[in-house]
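Architecture at a glance
Here's the letter readout for the chains.
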Amino acid sequence: MKKLFIKTYGCQMNVYDSARMADLLAPLGYGPTDAPDEADMVILNTCHIREKAAEKIYSELGRMKKLKDAKQRAGGAMTIAVAGCVAQAEGAEILARQNAVDLVVGPQSYHRLPEMIAKLARGAGHALETDFPAEAKFDALPENDAGAAPAAFLTVQEGCDKFCSFCVVPYTRGSEFSRPVMQVAAEAEGLVAKGAREVTLLGQNVNAYRGPGPDGEIWSLAQLIGALAQIEGLQRLRYMTSHPRDMGDDLIAAHRDVEALMPYLHLPVQSGSDPILHAMNRQHTAEDYLRLVERFRAARPDIALSSDFIVGFPGETDKDFEATLSLVRAVGYAQAFSFKYSARPGTPAAAAHKQVPDDVKNARLQALQALLSAQQDAFNTGCAGRILPILFEKPGRKDGQAVGRTPYLQPVHVDGAASLIGRIVDVRIEAVLSNSLKGVLTRPLEKVLAH
Ligand code: SAH
Ligand code: SF4
Ligand code: F3S
């Protein structure tokens, strides 16, 4: 058995892709390892979204080169592959900067990995694949073998046509593409048969999903969710990431009508200032976003909201930043991610004149994160004392403990619940920790197991 070490950076689409690359290489005799020094093949599945993310790859490659050299001195061999968005964005430059790299494969070409490995074995030298055949990729992948993970990811949509002025994704992932409904349904059924109880539908702009349906019509994400909710044993559905511009009435209604659809929505707004939203090419105003939030809350009053924010976008003034804080106060988030603007080569905003100094960005990030984390604490505290259904996903750090998630995606630790992994069980929330909750079973374990 050869050993495969994959290190994943970036978003959940990369997590999904890493799992699919492992599926793809399993028939070639590669089994997973957590130890890069014993790996025959190392794949870094990379992210290009911010400068720091991209630069990290080169230091990691430096470390991998040392392991490769050591292995070669001992008479062995190691293949190093760079996959993901840095591979797509920088391509041959990676081979030039780090000669220990053997393969560079973009996110739409990784189904070609077996071919590339064979070519390398024939001594044909470095291999580079950065084409964009998204359709061919999904057709060429083997069955999703996510093991028995209770909560699985399933990519239904890829790429982005929005071209926000700060973002590399339209360039690294290509234009929007939706997988056919029946292909998605078959993959979801397979995941459920292997033990998944929850499936998160992934897409860079997942609510822009327009997939060919079995009736020859184009289906929306809400229609897809309606169909998947019929799958026996599939108890929870989630989706991410959504764009405010693509939100359909039917998707909002699905949060009222589809029981399996969890009350959680990641809806990035980026900024609360209209001039900044305009400069970002987000194609909506702060008011548009607030109206959308109202409509979701009307459909599903307990829905937990999450967002992404960028501070220090070029030209952002104190007043613009204040508008972001006001929007946050108006919404009340359960959870959020916030970032300092990072100028990305080739994006329109990188060429803007009024770049914001780093100390200003730092101060704004700190202020925003303080507000967001207070909101998160308030949301979590509001759950104390409640009984919530928890899908147990994996063992906790302590013996016998299991970690699961609430419908609102908060992690919950429960002692003595290890035998409940893969099941949804009622838990009373007893304590709120910094980033998670602590709970207890509402019934004795034997009773739960007998049920
Ligand atoms: N498709 C999603 C987000 C993809 S990238 C959406 O439409 O929102 C994830 C997050 O990274 C973005 O929401 C944004 O907040 C952040 N991001 C993207 N480009 C960035 C940049 N150049 N600098 C800082 N943060 C960035
Ligand atoms: Fe990037 Fe904007 Fe597309 Fe999201 S919608 S991936 S932020 S360009
Ligand atoms: Fe990063 Fe590419 Fe995802 S740039 S955030 S890995 S789409």
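See the structure shown above.
Residue numbering note: each chain is counted from 1, following its sequence as written. For this description, chains carry letters from A and ligands carry numbers from 1, given in the order in which they are written. Local features in this predicted model are restricted to residues whose pLDDT is 70 or higher, and side-chain atom pairs enter the listing and the counts only when it is 80 or higher, whereas totals over whole chains, interfaces and linings include all residues. As a rule here, side-chain values cover all heavy atoms of the structure and leave hydrogens and water aside.

We call a residue near a molecule or strand when any one of its heavy atoms sits within 4 Å of it. Inspection of the region around ligand 1 gives 15 residues, with Phe166, Gln204, Gln270, Asp308 and Ser342 positioned closest. In protein, a polar contact means a hydrogen-donor-capable atom and an acceptor-capable atom, both N or O and within 3.5 Å, with residues adjacent in sequence counting only if both atoms are side-chain atoms; elsewhere, any N or O pair within 3.5 Å suffices. Residue Arg50 places a side-chain N or O atom 3.1 Å away from an oxygen atom belonging to ligand 1. For the accessible areas, the method is Shrake-Rupley and the probe is 1.4 Å, while residue cover comes only from the protein chains on display. For ligand 1, whose free accessible area comes to 530 Å², the fraction covered by protein is 89%. Here a strand is any run of E in DSSP of at least two residues, a helix any run of H or I of at least four, and the numbering for each starts at the N terminus. Taken together, the elements giving at least two residues each to the shell around ligand 1 come down to strand 15 (304–311) and strand 16 (335–340). Residue polarity is assigned by list, with Asp, Glu, Lys and Arg as charged and Ala, Val, Leu, Ile, Met, Phe, Trp, Tyr, Cys and Pro as nonpolar; anything else, Gly included, falls into the polar class. Taken together, the residues of the shell around ligand 1 sort by class into 6 nonpolar, 4 polar and 5 charged.

Checked against the element boundaries, Gly106 lands in the loop between strand 5 (103–105) and helix 5 (113–121). Residue Gly106 is classed as buried on the basis of its relative accessible area of 0%. We call two residues in contact when some of their heavy atoms are within 4.5 Å. Non-local contacts of Gly106, meaning those with residues more than four positions away in its chain, are made with Gly84, Ala87, Gln88, Glu129 and Thr130. Only protein chains enter the accessibility calculation, which uses a 1.4 Å probe. A residue is then buried if its area is under 20% of the maximum for its type, exposed if over 50%, and partly exposed in between.

Attention now goes to the sheet that holds strand 2 (residues 30–32). Between any two strands, at least two bridges found by DSSP are needed for them to pair. With parallel pairing, 6 strands are arranged side by side in an open sheet as 2-1-3-4-5-6. The sheet terminates laterally at strand 2 and strand 6 (127–129), the two strands that pair on one side only. When strand polarity is set aside, the average angle formed by the axes of neighbouring strands in this sheet is 20°. Sheet topology places strand 1 (residues 2–8) next to strand 3 (residues 41–46); 5 bridges connect them, and they run parallel. Considered in strand 3, the bridge of Ile6 is made with Ile43. For helices, the axis comes from a line fit to the C-alpha atoms of the stretch in contact; other axes are also lines fit to C-alpha atoms, and the angle between any two N-to-C directions lies between 0 and 180 degrees.

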